[in-house]
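# Structural description and commentary
Chain by chain, the residues run as shown.
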Amino acid sequence: MPRGRGFKVERLQKDILRNISSLIQRDVRDRRIERACPVINRVHVSPDGGFARLYVSFMNSGMSNNDREIAMGILQGMSGYFRSCLARNLAVKNVPLLDFFYDDWEEQLQAMDQAVKEEQAELESIKQKTQDSQDDPVGNPNE
């Protein structure tokens, strides 16, 4: 069964993810990046292979928004260096332009988890009130 264009893009995404993650750990010597501990979560390459979006989150959960913006700026500023390294390591004719984006999936997941917990607590409260009203009917002759 022949492999289509999607296979090439998928392979390119995996290669970019692996190579950029390695470059960040090995070659970036900026203390702000080392403290932030960036992690490339996923890579999306355009169908023509000209552009790549790299979605980054940070292992350091105590970062302020300003620190996060600085770290993202440093990574974006190094995109030319990363691209030149990819040109040496990947067997592709044209290396895509790299664009870094902050991936806030962890924050979204925590917000959804909190919302679910609040809904569960509210449902339990309603359930308890309903059960209490059924256990103690109005006009009980024994009182």
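Here's a quick rundown of the structure. (Residues numbered from 1 in each chain as written. Predicted model: local features only at pLDDT ≥ 70, side-chain atom pairs only at ≥ 80, totals over all residues. Heavy atoms only, no water.)

## Quick notes on the pattern of salt bridges
Put simply, the rule is: Salt bridge, as used here, is a side-chain nitrogen of Lys or Arg placed within 4 Å of a carboxyl oxygen of Asp or Glu. Secondary structure elements are taken from DSSP: a helix is a run of H or I of four residues or more, a strand is a run of E of two residues or more, and numbering for both begins at the N terminus. The classification of residues rests on relative accessible area computed with a 1.4 Å probe and restricted to protein chains. Under 20% of the type maximum is buried, over 50% is exposed, and intermediate values are partly exposed.
By the definition in use, this model includes eight salt bridges. A salt bridge links Arg18 to Asp15; the shortest N-O distance between them is 3.0 Å. Of this pair, Arg18 and Asp15 both sit in helix H1 (residues 5-27), separated by three residues, roughly a single helical turn. Exposure remark for Arg18: the relative accessible area of 51% places this residue in the exposed category. Between Arg29 and Glu34 there is a salt bridge; the shortest N-O distance is 3.8 Å. Take Arg29: its relative accessible area is 57%, and that puts it in the exposed class. Note on Glu34: relative accessible area 35%, which makes it partly exposed. Overlapping salt bridges bring together Arg29, Arg31 and Glu34 as one network.

## What to know about the packing of aromatic side chains
A ring pair, where both rings are aromatic, is described by two values, the distance of the centres and the angle of the planes. For clarity, the threshold we go by: Here a pair means two rings of Phe, Tyr or Trp (six-membered ring of Trp) with centres within 6.5 Å. Their orientation is stacked below 30 degrees between planes, edge-to-face above 60, and tilted elsewhere. Whether a charge sits over a ring comes down to the Lys NZ or Arg CZ being within 6 Å of the ring centre and within 35 degrees of the ring normal.
In the structure shown here, the tally under the stated rule is four aromatic pairs. Taken together, the ring pairs in this structure connect Tyr81, Phe82 and Phe100 into an aromatic cluster. For the cation-ring pair, Arg42 lies above Tyr55, with the distance from its terminal atom to the ring centre recorded as 4.0 Å.

## Describing the environment of Ile74
Selection criterion: A contact between two residues is defined here by any heavy atoms of the two lying within 4.5 Å.
Considering the arrangement of structural elements, one finds Ile74 in helix H3 (residues 65-77). In contact with Ile74, other than residues within four places in its own chain, are Asp30, Arg32 and Ile33.

## Overview of the pairing of strand E1 (residues 38-45)
Applied cut-off: At least two DSSP bridges between two strands are required for those strands to pair.
In terms of strand pairing, E1 meets strand E2 (residues 51-58) through seven bridges, oriented antiparallel. Residue pairing for E2: Pro38 is matched across the bridge by Phe58. A loop of five residues connects E1 with E2, the two strands running antiparallel in sequence, and Gly49 in this loop sits at a positive phi of about 75°.

## Here we look at H3
Just so we agree on the cut-off: The length a helix should cover is 1.5 Å for every residue beyond the first. Throughout, the arc means that of the directions going from the helix axis to the C-beta atoms.
Given a rise of 1.5 Å per residue, 13 residues ought to cover 18 Å, and the 18 Å separating the end C-alpha atoms of H3 matches this to within 8%. Within H3, burial applies to Arg68, Ala71, Met72, Ile74 and Leu75. Each buried residue of H3 lies within a common arc of 155° when the element is viewed along its axis, so the set occupies one face. Exposed side of H3, more than 90 degrees from the buried face: Glu69 and Gly77 are the residues found there.

## Observations concerning helix H4 (residues 79-89)
Along H4, the residues that are buried comprise Ser79, Phe82, Cys85 and Leu86. Buried residues of H4, seen end-on, are gathered within an arc of 125° and therefore sit on one face of the element.

## A closer look at the sheet that holds E2
Sheets are built from strands paired through backbone hydrogen bonds, the pairs being either parallel or antiparallel. Here is the rule: Axis lines are fitted to C-alpha atoms, over the contacting stretch for helices. Their N-to-C directions set the angle, which ranges from 0 to 180 degrees.
Spatial ordering of the open sheet is given by E1-E2-E3, a layout of three strands whose pairing is mixed. Here the strands that pair on one side only, and so sit at the sheet edges, are E1 and strand E3 (97-102). Averaged over neighbouring strand pairs, the angle between their axes works out to 30° when direction is ignored. Of the strand pairs in this sheet, E2 and E3 are connected by six bridges, and their pairing is parallel. Across the sheet, the residue bridging to Ala52 is Leu98, located in E3. Strand contacts of H3: E1, E2 and E3, with the helix running at about 170° to E3, the strand carrying the most contacts.

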